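Okay, here's what each chain looks like letter by letter:
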Amino acid sequence: MRGLATASCLLTALLLGACSQDDDAPPSPPDNATALCVSADCGSKTRLLTIPDAENILFSKEGRLFVSGGTNVFEISVGTAGFAATPLYDGSANFTGLAIIGNTLYANSFDGHLYAASLTRTPQLQPIHDLALGAPNGLVDGPAGELYLVNGPLAPSALPDPKIVRLRLDPSDPFHVIEQTDWFSQNLLGPNGIQRRGNRLYVSNTGLGGLAEIRTVEINPDGTPGGSQQLLSFIGLPDDFTLVGDQLLVANFLTGEIGYYSAEGELLASSGALSYSSPSQVRVGQAPLFSATDVLVTEKGVIGDTYSPIGNALSVFRRNP
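Residues numbered from 1 in each chain as written. Predicted model: local features only at pLDDT ≥ 70, side-chain atom pairs only at ≥ 80, totals over all residues. Heavy atoms only, no water.

With that out of the way, let us pick up the overall build of the chain. Secondary structure summary: the chain contains one helix and 24 strands in total. Across the 321 residues in the chain, those meeting the buried criterion constitute 56%. Summed over all atoms, the accessible surface of the chain reaches about 12700 Å², with 53% contributed by carbon and sulfur. (Helix = DSSP H or I, 4+ residues; strand = E, 2+ residues; numbered from the N terminus. Buried < 20%, exposed > 50% of the residue type's maximum accessible area, 1.4 Å probe, protein only. Areas by Shrake-Rupley, 256 points an atom, 1.4 Å probe, with all protein chains shown as cover.)

In structure tokens:
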């Protein structure tokens, strides 16, 4: 959630006055859906690592874990000394959305660039494309090897320009963007996160009065945007989220909670308000680092503060034995 110090205050005032890789087969929930625990009556949270201004979480199909934040993108590993975070960029930038296509990791940054790295043993991110956008945020792979990214909700140094942008990549060179298109903007006032299942995109969005939603947009066979509709709504400021089979886990940045929703948009369970420090993304765990009942959350804390113990964390929520 970048460029939102002003946005948070504005939306809070409005409220008081009134955030891969998700491919064609999102991870399935446990056999017993109630086994996916998000509330304190069945589980507890553990802070795993300090990640400055923690923002986004992405697993590769092989189970490698990548986390973006306000200074870098990190690969998470575990050894005899516990969990460790290895930076992938030789420098510092405010990184946001993450996606993987084939053997290439892509990352958005609020410096206005798209970055990429080959998923070798030691990936090294490098800028590959100037997006000319003020707030490149959520990022996801498309069904035809393209990328979709969200510009929003607010930029720190530009006027709001809420939309979904499509990037087409050179089939022979994954580090070369051959086309950038403003793809969809209808009913998007404060878009943030984006995920995909098949030919359907899911976008977190905020409108006036603090009304948050997850909205779907169909991808037509010819690549144009199709129908769009609201899947679910709630009061708050949504960041990124994840698809779990037909269900959704959603990070509510403003209220500090994780919501677990059915395919019909019904709230199944909640972590409760202020259970997280400005959560920005949530993912279900994946082997070999985690189990399928683990819930990983990035806690951003105070935007722009990359040092304090308020947020700046990758945490895991686990069901009690």
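Next comes the rest of the account.
This part takes up the pairing of strand S13 (residues 173–184). By the bridge criterion, seven bridges tie strand S12 (residues 163–170) to S13 in an arrangement that is antiparallel. Looking across to S13, one finds that Arg168 is bridged to Glu179. Hairpin connection of S12 to S13: two residues between the antiparallel strands. (Pairing = 2+ DSSP bridges.)

All right, on to the sheet that holds strand S19 (residues 247–252) then. Pairing is antiparallel in the open sheet, where four strands are placed in the order S18-S19-S20-S21. Looking at the sheet topology across the chains shown, the edges are occupied by strand S18 (238–244) and strand S21 (267–270). Across this sheet, the average inter-strand angle for adjacent strands is 20 degrees, counted without regard to direction. Examined bridge by bridge, strand S20 (residues 257–261) and S21 share three bridges and lie antiparallel to one another. Bridged to Tyr260 within S21 is Ala269. (Axes fitted to C-alpha atoms, helices over the stretch in contact; angles between N-to-C directions.)

The next thing to look at is the packing of aromatic side chains. In total, this model carries eight aromatic pairs according to the counting rule given. Taking the centre distance of 6.3 Å and the plane angle of 80 degrees together, the rings of Phe59 and Phe290 count as edge-to-face. Of the two residues, Phe59 sits in strand S2 (residues 56–59) while Phe290 sits in the loop between strand S22 (279–284) and strand S23 (295–301), which places them 231 residues apart along the sequence. By way of ring pairs, the aromatic residues Phe59, Phe83 and Phe290 are connected into one cluster. (Phe/Tyr/Trp six-rings, centres within 6.5 Å; stacked < 30°, edge-to-face > 60°.)

What follows is about the environment of Thr255. Along the polypeptide, Thr255 turns up in the loop between S19 and S20. Separated by 19 residues in sequence, Thr255 and Leu274 place their C-alpha atoms 6.0 Å apart. If near-sequence neighbours (up to four positions away) are discounted, Thr255 is found in contact with Ile235, Ala273 and Leu274. Within the structure, Thr255 has its side chain in polar contact with the side chain of Asn252 (distance 3.1 Å). (Contact = heavy atoms within 4.5 Å. Polar contact = N/O pair within 3.5 Å; in protein donor to acceptor, adjacent residues only side chain to side chain.)

When the pLDDT values of the chain are averaged, the result is 90; 89% of them are 70 or greater. Segment residues 4–23: pLDDT under 50, and 62 contacts once partners within four positions in sequence are set aside and those in other chains are kept. (pLDDT = per-residue confidence, 0-100.)

Below, the discussion takes up the sheet that holds strand S17 (residues 225–235). Taken together, four strands build an open sheet; the order of strands is S14-S15-S16-S17 and the sheet is antiparallel. In this open sheet, the two strands that pair with only one neighbour each are strand S14 (194–197) and S17. In this sheet, adjacent strand axes meet at a mean angle of 25 degrees when their direction is disregarded. Sheet topology places S14 next to strand S15 (residues 200–206); four bridges connect them, and they run antiparallel. Among the inter-strand pairings, Gln195 is bridged to a residue of S15, identified as Tyr202.

Time to look at the pattern of salt bridges. Opposite charge on two side chains allows them to pair when their charged atoms are near. Summed over the entire model, instances satisfying the criterion amount to 12 salt bridges. With a shortest N-O distance of 3.0 Å, Lys163 and Asp182 are connected by a salt bridge. Of this pair, Lys163 sits in strand S12 while Asp182 sits in strand S13; the two residues are 19 residues apart in sequence, bridging distant segments of the chain. A relative accessible area of 9% places Lys163 in the buried class. For Arg200, the salt bridge is made with Glu218, and the minimal N-O distance between the two is 2.5 Å. One end of the pair, Arg200, is in strand S15; the other, Glu218, is in strand S16 (residues 211–219), with 18 residues separating them in the sequence. What makes Glu218 partly exposed here is its relative accessible area of 25%. (Salt bridge = Lys/Arg side-chain N within 4 Å of Asp/Glu carboxyl O.)

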